[in-house]
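# Reading the structure
As a plain string of letters, each chain reads:
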Amino acid sequence: MPDIRSALLKILTPGHYGVSGRNAITVREEENRPLVQVAGWAGFEKAVLPVLAPLGLQSAGDYRHVQRQGDISCYRIAPDRLLLRGIGLTAVMQASEEAGIMALDLGHARTVVRLDGEATADLLARLTSVDVRDVSFPVGAFAQCGIHHVGVLLERLDRQSFRLMIPYTWSASLVSYLMDTALPFGISVEEGMD
Amino acid sequence: MIRINCPVCGLRDETEFTYGGDANVKRPAMDEKDPKVWMDYVFNRSNPRGDHQEYWHHTQGCRQWVILERNTLDHTVGQCRLAKEVK
């Protein structure tokens, strides 16, 4: 696997930005983990079961909640498509071929950013049309949504923690926009991947 | 702002979608010889005042094509279904 450099080296410089004396949001780029897209055609829900079973997953899941099994996260992103994070292409290649399912390595294609802090939901409410209140977007929920006209996968990890999976080539622009929007809250950048 | 209830992603802003045209247009049979029929199919569209069915693509979400019922007069949005599930 190639050595993937961060797209945010010039964007996320550790330090505090925005309102002084307040640190309502912390942003950090997460390490690059394997990411595989699994896609099929009609009858996908049934066809994909032999691919998921060895991973300990019993179904393709629903469109709103992440399935977790150990280090693996499974996101049902469309009726005939899902994302597996935390497992490499080689682990699902053979089962996919036998099941007539396409598996594609997207590990290089996403920048993953984590947001923590008391104002993260307020920040996201300014960026996306998804209702991120606790009641409608609880812990374990995910949504694909548009932020800054870019398709982003948004996941709630904790009440005050979110993960954003951003297309790599758009991530510098999007995170720069996110940082600007976060300034009124006060934001700290932590060390991430290099 | 129109809000579209995507069958996969739920209620989202129109800005996440791309308009895809009239969903009532039917492609002529491939052996159709009359050029007027093809011209109508390619270029001519009705401009209804009121309820309309149209294709939208959830470009920034699930990337599915949906068929949305929209009133062209007041932008009232009705049912939204996955295009591939509509016969």
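Residues numbered from 1 in each chain as written. Chains lettered and ligands numbered in written order. Predicted model: local features only at pLDDT ≥ 70, side-chain atom pairs only at ≥ 80, totals over all residues. Heavy atoms only, no water.

A word on the packing of helix 4 (residues 120-127) of chain A against helix 5 (residues 171-182) of chain A. Residue and element names in this part refer to chain A. Here helix 4 crosses helix 5 at 120 degrees, and the two axes come no closer than 10 Å. Here helix 5 runs oblique to helix 4, going by the angle between their axes. The element helix 4 and its partner helix 5 pack so that their crossing is right-handed. Two secondary-structure elements touch here, helix 4 through Leu123, Arg126 and Leu127 and helix 5 through Tyr177, Leu178, Thr181 and Ala182. Its residues assigned to classes, the contact of helix 4 with helix 5 shows five nonpolar, one polar and one charged. (Axes fitted to C-alpha atoms, helices over the stretch in contact; angles between N-to-C directions. Helix = DSSP H or I, 4+ residues; strand = E, 2+ residues; numbered from the N terminus. Parallel < 35°, antiparallel > 145°, perpendicular 65-115°, else oblique. Left-handed = near helix turned anticlockwise from the far one by under 90°. Contact = heavy atoms within 4.5 Å. Nonpolar A, V, L, I, M, F, W, Y, C, P; charged D, E, K, R; others polar.)

A few words on the domain arrangement of chain A. All names here are of chain A. One can read the domain layout of chain A as domain 1 (15-32 + 108-189) and domain 2 (35-105). One C-alpha centre belongs to domain 1, the other to domain 2, and the line joining them spans 25 Å. Contacts between domain 1 and domain 2 engage 14 residues on the former and 13 residues on the latter. Taken together, both faces of the contact between domain 1 and domain 2 bury some 1100 Å²; the carbon and sulfur share is 53%. Along the contact surface separating domain 1 from domain 2 lie two salt bridges. (Domains from an automatic or database assignment. Buried area = accessible area lost by both parts, 1.4 Å probe. Salt bridge = Lys/Arg side-chain N within 4 Å of Asp/Glu carboxyl O.)

This paragraph deals with the packing of aromatic side chains. Considering all chains together, one arrives at five aromatic pairs over all chains under this definition. Aromatic side chains Tyr75 of chain A and Phe142 of chain A sit 5.4 Å apart centroid to centroid with 80 degrees between the ring planes, which places their arrangement in the edge-to-face category. Taken together, the positions of Tyr75 of chain A in strand 5 (residues 72-78) and Phe142 of chain A in strand 9 (residues 142-147) put the pair 67 residues apart, joining distant regions of the chain. Exposure class is identical for Tyr75 of chain A and Phe142 of chain A. Each is buried. Ring plane angle 80 degrees and centroid distance 5.9 Å describe the contact between Trp38 of chain B and Tyr41 of chain B, whose orientation is recorded as edge-to-face. Linking Trp38 of chain B with Tyr41 of chain B, this pair stays in helix 1 (residues 35-43), spanning three residues, or about one helical turn. The exposure class of Tyr41 of chain B is partly exposed, given its relative accessible area of 24%. (Phe/Tyr/Trp six-rings, centres within 6.5 Å; stacked < 30°, edge-to-face > 60°. Buried < 20%, exposed > 50% of the residue type's maximum accessible area, 1.4 Å probe, protein only.)

Residue and element names in this part refer to chain A. Core analysis: the largest hydrophobic core is formed by 32 residues, its most contacted members being Ile25, Leu115 and Leu164. Looking at this core, the elements with two or more residues in it are strand 2 (25-29), strand 8 (110-116), helix 4, strand 9, strand 10 (150-158), strand 11 (161-167), helix 5 and strand 12 (187-189). In terms of residues, this core owes the most to one element, helix 5, which gives five residues. Beyond its immediate chain neighbours, meaning those up to four positions away, Ile25 contacts Leu115, Asp116, Gly117, Ala119, Thr120, Leu123, Ala182, Phe185, Gly186, Ile187 and Ser188. Judged by nonpolar contacts, the second largest core, of 17 residues, contains Phe44, Ile72, Cys74 and Leu82. (Core = buried A, V, L, I, M, F, W, Y, C linked by side-chain atoms within 4.5 Å.)

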